[in-house]
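An overview of the molecular structure
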Amino acid sequence: WAQAKPDKVIIGYQVIPNNEIIAKALGWHEKELGVKIDWKQFDSGRDVNTAMAAGSIDIALVGSSPAAAGLSAGVPYEVIWLYDVIGDNEALVAKKGRGIKAVKDLVGKKVAAPFGSTTHYHLLVAFKVFGVDPKKATILDMQPPDMLAAWQRGDLDAGFVWEPTLIKMVESEGEVILSSRALAEKGFLTADVAVVRKGFAQKYPDLVVKYLRTLSRAVDLYRKDPQEAAKAVAKEFNIPAAEADRQMKTLVMLNGKEQLSDKYLGTSAKRGALAKALKDTADFLAEQKTIRTAATLAAVEKAVNPSYLEKAMK
Amino acid sequence: MVVSVPPTRAAARAAPKPAGHRRPGLAGLRPEPFLTALTLISVFLVWYAIARFRVVSELFVPHPASVWQAFLDILTEGYRGGTLLHHLFDSLYRVVVGFLLAVATAVPLGLAIGYSSKVQAIFDPIIEFYRPLPPLAYYTLLVIWLGIENESKIALLYLAAFPPLSVSAMAGVRGVTAERIQGAQSLGASRWQVFRYVVFPSCLPDIFTGMRVSVGFTYTTLVAAEMVAATSGIGWMVLDASKFLRSDVIFMGNIVMGLTGLGLDRLIRVAERRVVPWKGKA
Amino acid sequence: MVVSVPPTRAAARAAPKPAGHRRPGLAGLRPEPFLTALTLISVFLVWYAIARFRVVSELFVPHPASVWQAFLDILTEGYRGGTLLHHLFDSLYRVVVGFLLAVATAVPLGLAIGYSSKVQAIFDPIIEFYRPLPPLAYYTLLVIWLGIENESKIALLYLAAFPPLSVSAMAGVRGVTAERIQGAQSLGASRWQVFRYVVFPSCLPDIFTGMRVSVGFTYTTLVAAEMVAATSGIGWMVLDASKFLRSDVIFMGNIVMGLTGLGLDRLIRVAERRVVPWKGKA
Amino acid sequence: MGRSILEIDEVMMEYPSSDGPVTALERVSLAIGEGDFVCLVGPSGCGKTTLLRIIAGFVLPTAGQVRLDGEPILGPDYQRGVVFQHPALYPWLTVQANVEFGPKMRGLPSARRRELAEHHLRMVRLWDFRTKTPYELSGGMQQRVAIARVLANDPRILLMDEPFGALDALTREHLQEELLKIWKATGKTVFFITHSVEEACYLATTIFVMSARPGRILASIEAPFSRQAATQDSRAVKSSPEFVALREQVLRYIWETES
Amino acid sequence: MGRSILEIDEVMMEYPSSDGPVTALERVSLAIGEGDFVCLVGPSGCGKTTLLRIIAGFVLPTAGQVRLDGEPILGPDYQRGVVFQHPALYPWLTVQANVEFGPKMRGLPSARRRELAEHHLRMVRLWDFRTKTPYELSGGMQQRVAIARVLANDPRILLMDEPFGALDALTREHLQEELLKIWKATGKTVFFITHSVEEACYLATTIFVMSARPGRILASIEAPFSRQAATQDSRAVKSSPEFVALREQVLRYIWETES
Ligand SMILES: Nc1ncnc2c1ncn2[C@@H]1O[C@H](COP(=O)(O)OP(=O)(O)OP(=O)(O)O)[C@@H](O)[C@H]1O
Ligand SMILES: Nc1ncnc2c1ncn2[C@@H]1O[C@H](COP(=O)(O)OP(=O)(O)OP(=O)(O)O)[C@@H](O)[C@H]1O
Ligand SMILES: [Mg+2]
Ligand SMILES: [Mg+2]
């Protein structure tokens with residue numbers, strides 16, 4: 001175990017109300033790690049991958065889709081934690097009155113999703129699962145705010161999107177026809193995972209362990225006192241506490257013990273379902289010709305590293 | 001506020017009036033300030049009407065009152081960890097540093113390209129090639145090389161500020177009359193001196209035009225520059241607010257950006273009037 | 001390729017040589033084309049060396065060979081539903097339409113603003129205000145008003161193309177000498193005729209400079225414009241590829257954009273030489 | 001002197017400058033009759049061009065007024081054609097198009113315009129250069145185009161600022177005679193700045209002598225020669241004793257100015 | 001004529017233009033001796049300015065060569081100072097800074113520059129205007145600044161294109177005398193274009209008469225007056241019968257040119 005401490009730890013986060021934000025809002029990380037933390041906000045997994053490859057950040061949140069793309073492209077990081085499993089906070093919404101009740105009705109319609117994101121992956125998975133040729137629909141690349149604008153004009157028939165845009169679209173003549181939770185149950189897991197830069201993890205493994213311990217504590221706090229957690233998040237994001245609470249309820253958050261199970265990270269001895277899910281995602285992207293080649297299962301299993309969490313949970 | 005004013009009051013008083021131009025209207029009042037006010041009021045009324053009669057959703061066009069409220073809130077309480085002035089200062093710092101670095105390099109290079117066909121042959125291909133590249137398309141490379149701190153952001157703004165300056169400086173050199181150059185040569189000026197003492201001042205009006213275009217352009221790149229790994233800056237604030245669909249903050253941020261951009265532009269116009277008083281006279 | 005050429009061959013032959021300037025070197029060969037070639041080769045070699053010795057990861061600087069391969073693939077098989085030419089054509093269509101619309105409106109308006117303090121008082125606040133606004137900050141509004149088809153994309157490009165044109169035209173007007181205008185007035189030209197027949201042609205050199213800056217600027221906005229709801233276009237292709245870390249496609253797309261942007265710029269330079277042969281002469 | 005057409009009334013002109021205003025004209029008053037040929041002479045920098053610019057309507061005087069037919073002059077007008085000290089031709093137009101500029105602005109049909117351009121370009125002997133652009137002409141040629149341009153526009157009053165200054169003796173004499181011919185045939189009023197006293201004596205009906213800066217009118221001298229029958233040879237006129245006497249008289253005024 | 005310093009050898013000049021090249025000079029040959037005062041006269045547009053520009057080194061002739069001390073001229077040089085037909089002053093510099101421009105370029109210390117500027121601005125009687133900018137001056141004043149600017153730079157050869165064209169008679173006479181004084185004191189070589197035959201006869205040691213376009217040298221006439229003792233009054237010189245005879249001789253050549 002290396003003992004030296006870095007000047008600061010640089011953590012890349014995204015605006016998702018999960019355990020990391022709870023702990024961040026309460027100042028737990030700084031206290032636990034004992035070093036200065038430089039918080040960097042990212043908007044997309046693409047930028048996280050770039051920053052990771054550039055060695056500019058140490059730990060970051062990234063969606064499972066960009067993580068699969070990053071691992072396939074050889075970005076030097078390891079997956080060490082599941083911030084949240086995407087549940088009802090990402091869903092496919094259809095405009096009422098356009099005769100769309102299920103995925104098969106999307107033939108000939110305009111569907112939007114932010115490309116490269118977890119919802120984009122799930123949209124394509126949905127087409128496959130329900131046996132629809134994606135070429136028969138028009139799939140548009142849009143960021144959530146633009147999607148909402150187009151939605152209100154009536155330009156779109158459906159969109160696969162996350163909060164808070166999701167609720168706004170539902171409120172404006174929208175109807176959820178499929179959620180990520182449903183697809184996860186079918187074995188197509190999407191999640192927000194923690195990645196740590198290999199160089200950093202090797203040099204300061206104890207900091208990584210402490211970081212994960214904090215996150216697990218945040219999950220426990222959320223279970224025990226959701227109001228307290230929501231208040232913290234609300235302050236952090238400048239949104240009402242009720243809204244924070246509502247959004248947090250759509251996420252599935254797991255504590256450290258739970259994550260070490262087969263269904264998620266697994267153990268050093270045997271990797272869990274997350275590795276498989278990342279591999280599936282990578283294969284799927286390769287099939288779509290959006291990435292050149294998918295990482296092998298062995299490589300993905302190697303990159304999913306539960307050893308830090310195991311230490312943290314001891 | 002937009003009407004051009006002569007350099008000094010004294011001069012204005014004594015300046016010969018160009019005849020046949022705008023004669024003072026009723027009671028000697030000039031109509032321009034009223035027209036400007038009229039424009040501003042119309043824009044505001046249209047906005048107000050849109051918000052009042054909910055032509056489009058509050059999600060996209062907020063009520064002026066909410067924008068004002070957002071302004072007050074963020075001015076005093078801040079937005080996610082920084083007050084408005086703090087965000088504004090961070091952004092202005094990036095813009096101004098990037099712009100000044102560009103002025104210090106693009107103008108000399110543009111002049112040199114216009115002046116020497118050899119320099120042109122060397123640098124023109126590079127500049128002309130990168131010029132049309134969208135910042136978003138190469139920002140990734142900057143992040144890799146310069147990291148996610150201010151360096152990459154300033155570099156992006158620098159690259160945005162560069163082309164208008166070099167193009168204008170180059171065009172300025174092309175427009176210098178042969179007589180001015182030949183006159184200096186016959187007075188013993190070396191090639192370098194001709195450049196320094198004749199070509200450069202002759203190009204100043206063009207350089208100022210380029211600076212005005214450039215500073216606006218730099219500003220428009222601000223949001224892109226603050227898209228990656230920023231936690232401060234007015235561009236970041238707008239972008240962040242759009243994720244939370246806070247249209248009041250978006251509007252407020254845009255107005256602040258518009259006004260500060262306008263302020264920078266005015267500064268350059270004022271500088272131009274002081275530095276190039278001969279414009280349009282010779 | 002970048003060196004300025006005289007209007008016609010015949011003229012070039014007969015043109016009086018400016019003395020004391022570049023005398024032909026060895027065997028009468030001019031050095032400029034070699035310098036340009038040297039630059040291009042150096043850039044390529046640096047690239048090659050970076051890729052060859054893996055100075056930075058293949059993730060960001062791909063090998064020239066992979067880029068070439070991506071080019072061939074996409075040229076023949078296409079990228080996600082369209083061939084390279086199809087993407088390129090879609091983008092060029094948007095850029096050119098946006099740019100031409102801007103030329104048709106920004107130039108007259110810029111001239112009018114420079115010419116009439118009343119017009120300036122009305123329009124300047126609006127233009128000056130929106131000029132520094134980042135497209136990304138107001139694109140959502142365009143989507144609301146114009147939808148997700150080409151209209152909003154072209155509108156964004158139009159708005160990007162506008163300011164350099166109007167600023168240059170305006171600066172051009174300010175630079176017209178009083179004698180030219182007074183001469184026309186004494187010959188019976190009305191205010192409008194002075195504008196049409198004297199101010200406008202006098203400003204052409206500035207307008208061309210503005211066009212060069214503007215077309216580059218428009219191009220740089222392409223990625224932003226194709227960020228929303230696009231499924232085609234070279235900007236979209238680059239953005240899409242960047243989401244999946246396809247650095248070969250990113251590089252290829254950037255090179256194609258750079259080259260076509262350069263092509264548009266050359267077109268304007270050629271037009272300038274034909275339209276404003278008197279530049280630098282009077 | 002005919003009915004007075006131009007009245008310059010206590011005109012004063014100050015230019016602003018960093019070290020206080022410069023007085024270019026100090027209370028200048030004079031009247032010009034319809035059909036007069038007025039020549040203005042005076043030392044370099046005395047305010048001749050300034051006075052012409054005020055009459056042209058390019059600037060308003062700091063004080064005083066200029067009236068045309070009793071109406072104050074508030075701006076330029078095609079009835080007052082101007083030949084500048086330095087020709088301000090339009091480089092984007094050919095020589096012919098430059099000459100046709102005025103008639104075009106006034107909406108004359110193109111056949112008529114061409115006719116006017118041809119007539120006046122032949123008069124200044126530049127018809128062969130009609131397709132050239134101004135920067136392809138020599139200094140004197142440019143000045144001749146500027147003269148043709150104004151004459152082709154047939155203004156009621158001609159304001160000319162050293163129009164023949166850049167011309168060789170022969171071309172100058174030729175154009176002096178052409179100008180006299182036009183003046184006699186049309187009865188135009190001419191306001192003509194020159195630094196050649198001989199030219200002034202030959203062309204003018206009235207010569208005004210201005211003092212050095214700040215400009216004032218020192219003397220107004222009547223000259224008979226331009227009104228004489230055109231049958232007489234110009235060279236003979238200029239060597240006549242009356243002419244030489246007038247020239248000496250004007251020169252004496254100017255010498256006085258200097259001291 | 002001293003040792004020949006400038007040799008113009010079969011120089012031809014064609015300007016390109018859309019309708020075929022225009023021949024401005026056709027095989028012009030002449031030699032100028034060290035210390036000569038050469039005046040060039042000829043009709044407007046005959047190629048005088050073109051020849052001066054070739055000597056200045058601004059353009060290379062289409063054919064032929066100009067040699068200075070036996071070396072071909074390949075570019076401009078401060079030893080050949082130029083006064084342009086239209087003054088090309090720098091509007092961003094004050095009058096004084098314009099005059100100091102040449103000395104500054106040649107690295108003279110600032111005290112010396114100021115001295116030179118003061119001397120020459122006083123000579124053209126514009127010292128009071130030293131802080132003004134060129135566009136605040138009248139046409140003739142600008143021309144005088146241009147003359148001062150070149151003289152302050154003390155070139156070996158003076159190339160002057162109608163330098164006194166925009167000046168009134170008195171200022172002109174004053175500057176003619178100043179120029180002669182400088183020429184006599186320093187032994188400079190002067191190449192002087194003028195359209196005033198009288199001026200040419202008064203100033204020149206050799207007068208070259210050029211034909212109308214395409215320009216050729218028609219005649220070269222020696223003139224004695226400028227070499228005469230400066231004690232004599234200029235007005236007396238100009239009215240002497242010898243002077244009048246020379247003037248008539250030159251004029252005759254020019255008349256021949258025209259026909
Ligand atoms: N840049 C140019 N391009 C084309 N033709 C030109 C150019 N400069 C001069 N010329 C032509 O060359 C001829 C000689 O011109 P130049 O200026 O030498 O005459 P000049 O003797 O100085 O006349 P002036 O006494 O009127 O100044 C003219 O016919 C003119 O049209
Ligand atoms: N734009 C200006 N700004 C300031 N001062 C000026 C301006 N124009 C002229 N002057 C000053 O006004 C005075 C008169 O100038 P003007 O041009 O009328 O003289 P002029 O009699 O035409 O002389 P010239 O015979 O040399 O052309 C000069 O002292 C000059 O310095
Ligand atoms: Mg004058
Ligand atoms: Mg000439």
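In this report, the structure presented in the accompanying data block is examined. Everything numeric in this text was worked out from a predicted model, so none of it was measured.

Let us now look at the coordination of the magnesium ion (ligand 4). Residues and elements named next belong to chain E. Taken together, the protein donors to the magnesium ion (ligand 4) comprise Thr 49 (OG1) and Gln 85 (OE1), at separations of 1.8 to 2.4 Å. Here Gln 85 lies in the loop between β6 (80–83) and α2 (95–105) and Thr 49 lies in helix α1 (residues 48–56), a separation of 36 residues in the sequence. With a relative accessible area of 23%, Thr 49 lands in the partly exposed category.

A few words on the interface of chain D and chain E. Of the residues lining the interface, 36 residues belong to chain D; the matching set on chain E comes to 36 residues. Interface of chain D and chain E: buried area, both sides summed, is about 2,800 Å²; carbon and sulfur atoms make up 51% of it. Area buried by chain D at its contact with chain E is led by Ser 44, Leu 170 and His 195 of chain D, which between them contribute 20% of it. The tally of links between chain D and chain E comes to zero salt bridges. Counting across the chain D and chain E interface gives eleven residue pairs in polar contact (both at pLDDT 80 or more). Only α4 (139–152), α5 (169–186) and α8 (241–258) of chain D provide two or more residues apiece to the side of chain D that touches chain E. Of the residues that constitute the side of chain D that touches chain E, the class distribution is twelve nonpolar, 13 polar and eleven charged.

What follows concerns the pairing of strand β3 (residues 37–41) of chain D. Where a strand is regular, its side chains alternate between the two sheet faces. Residue and element names in this part refer to chain D. With five of five residues buried, β3 lies mostly within the body of the structure. Judged by which residues are buried, β3 turns out to be covered on both faces: Phe 37, Cys 39 and Val 41 on one side and Val 38 and Leu 40 on the other are all buried. When β3 meets strand β8 (residues 189–193), the two strands line up parallel, connected through four bridges. Each residue of the ladder has a partner; that of Cys 39, found in β8, is Phe 192. Relative to strand β9 (residues 206–210), β3 runs parallel, the two sharing four bridges. In the strand pairing of β9, Val 38 is matched with Thr 206.

Now for unusual backbone geometry. Residue and element names in this part refer to chain D. Positive phi is not limited to glycine here, since Glu 10 has a value of about 50°. Position of Glu 10 among the secondary structure elements: in strand β1 (residues 4–15). Of note in the backbone geometry, Arg 125 takes a positive phi value of approximately 60° without being a glycine. Tracing the backbone through its elements, the reader meets Arg 125 in the loop between α3 (110–123) and α4. Given the relative accessible area of 48%, Arg 125 is considered partly exposed.

Placing chain D over chain E gives an RMSD of 0.0 Å and needs a rotation angle of 180°, together with 0.0 Å of translation along the axis. Expressed as an axis order, the relation between the two copies is that of a two-fold axis. Closest approach to the rotation axis among the C-alpha atoms of chain D is made by Gly 165 of chain D, whose C-alpha sits 3.0 Å away. Comparing interface residues between copies, 100% of those in chain D also lie at the interface in chain E; the contact surface is shared.

Counting through the fold element by element, Ile 148 of chain B comes out in the loop between α6 (135–146) and α7 (150–174). Setting aside chain neighbours within four positions, we find Ile 148 of chain B in contact with Ile 10, Lys 40, Phe 42, Ala 51, Ser 56 and Ile 57 of chain A together with Val 143, Lys 153, Val 228 and Ala 229 of chain B.

Once that is clear, we can look at the site of ligand 1. Near ligand 1, the surroundings consist of 20 residues, among which Glu 136 and Ser 138 of chain D together with Lys 48, Thr 49 and Thr 50 of chain E are the closest. Residues lining ligand 1 come from chains D and E. Here ligand 1, which alone exposes 630 Å², has 90% of that area covered by the protein. Breaking the shell around ligand 1 down by element, the ones donating at least two residues are α4 of chain D together with α1 of chain E.

Where eight pairs of chains are in contact, the pair with the most contacts is made of chains B and C. Without any contact between them, chain A and chain D keep their closest C-alpha atoms 49 Å apart. Taking C-alpha atoms as the reference, chain A and chain E come no closer than 50 Å and do not contact one another.

Residue and element names in this part refer to chain E. Running from amino to carboxyl end, α2 crosses helix α4 (residues 139–152) at an angle of 30°, the nearest separation of the two axes being 7 Å. It follows from the interaxial angle that α2 and α4 lie roughly parallel. You can see that α2 and α4 cross each other, and the crossing is right-handed. When α2 is examined against α4, the residues Val 95, Asn 98, Val 99 and Pro 103 are found in contact with a partner set consisting of Val 145, Ala 148, Arg 149 and Ala 152.

Our focus in this paragraph is the pairing of β1 of chain D. Residues and elements named next belong to chain D. Where β1 lies against strand β2 (residues 22–33), eight bridges are found, and the strand directions are antiparallel. Bridge pairing in β2 places Met 13 opposite Leu 25. In this structure, the hairpin formed by β1 and β2 is closed by a connection of six residues, where Gly 20 is found at a positive phi of approximately 80°. Here five bridges tie β1 to strand β4 (residues 63–68), and the two strands are oriented antiparallel to one another. When the sheet's bridge partners are listed, Glu 7 is paired in β4 with Arg 67.

Next up on the list: helix α1 (residues 19–26) of chain A. At 3.6 residues per turn, the α-helix brings residues three or four places apart onto the same side. All names here are of chain A. The element α1 is largely enclosed, with a buried count of six among its eight residues. Residues of α1 that are buried: Asn 19, Glu 20, Ile 21, Ile 22, Ala 23 and Lys 24. A positive backbone phi angle near 70° is found at Gly 27, which sits one or two residues after α1.

Bringing helix α2 (residues 95–105) of chain D into the picture now. Across the eleven residues of α2 of chain D, nine count as buried, placing the element largely inside the fold. The first or second residue beyond α2 of chain D is Gly 107 of chain D, which carries a positive phi of 80°.

Listed as interface residues are 73 residues of chain C and, on the opposing side, 74 residues of chain B. Between chain C and chain B, roughly 6,100 Å² of surface is buried when both sides are summed, and carbon and sulfur atoms account for 70% of that area. Looking only at chain C, the three residues that lose the most surface to chain B are Phe 129, Arg 131 and Pro 132 of chain C, adding up to 9% of its buried area. Between the two partners, chain C and chain B, sit twelve salt bridges. Where chain C meets chain B, there are twelve residue pairs in polar contact (both at pLDDT 80 or more). Elements with a minimum of two residues in the side of chain C that touches chain B: α2 (32–52), α5 (117–130), α6 (135–146), α7 (150–174), α8 (178–186), α9 (191–220), α10 (222–225) and α12 (247–275) of chain C.

Cut-offs and rules
Residues numbered from 1 in each chain as written. Chains lettered and ligands numbered in written order. Predicted model: local features only at pLDDT ≥ 70, side-chain atom pairs only at ≥ 80, totals over all residues. Heavy atoms only, no water. Donors = N, O, S within 2.8 Å, 3.2 Å for Na, K, Ca; no water. Helix = DSSP H or I, 4+ residues; strand = E, 2+ residues; numbered from the N terminus. Buried < 20%, exposed > 50% of the residue type's maximum accessible area, 1.4 Å probe, protein only. Contact = heavy atoms within 4.5 Å. Buried area = accessible area lost by both parts, 1.4 Å probe. Salt bridge = Lys/Arg side-chain N within 4 Å of Asp/Glu carboxyl O. Polar contact = N/O pair within 3.5 Å; in protein donor to acceptor, adjacent residues only side chain to side chain. Nonpolar A, V, L, I, M, F, W, Y, C, P; charged D, E, K, R; others polar. Pairing = 2+ DSSP bridges. Least-squares fit on C-alpha atoms with pLDDT ≥ 70 in both. Near = heavy atom within 4 Å. Areas by Shrake-Rupley, 256 points an atom, 1.4 Å probe, with all protein chains shown as cover. Axes fitted to C-alpha atoms, helices over the stretch in contact; angles between N-to-C directions. Parallel < 35°, antiparallel > 145°, perpendicular 65-115°, else oblique. Left-handed = near helix turned anticlockwise from the far one by under 90°.

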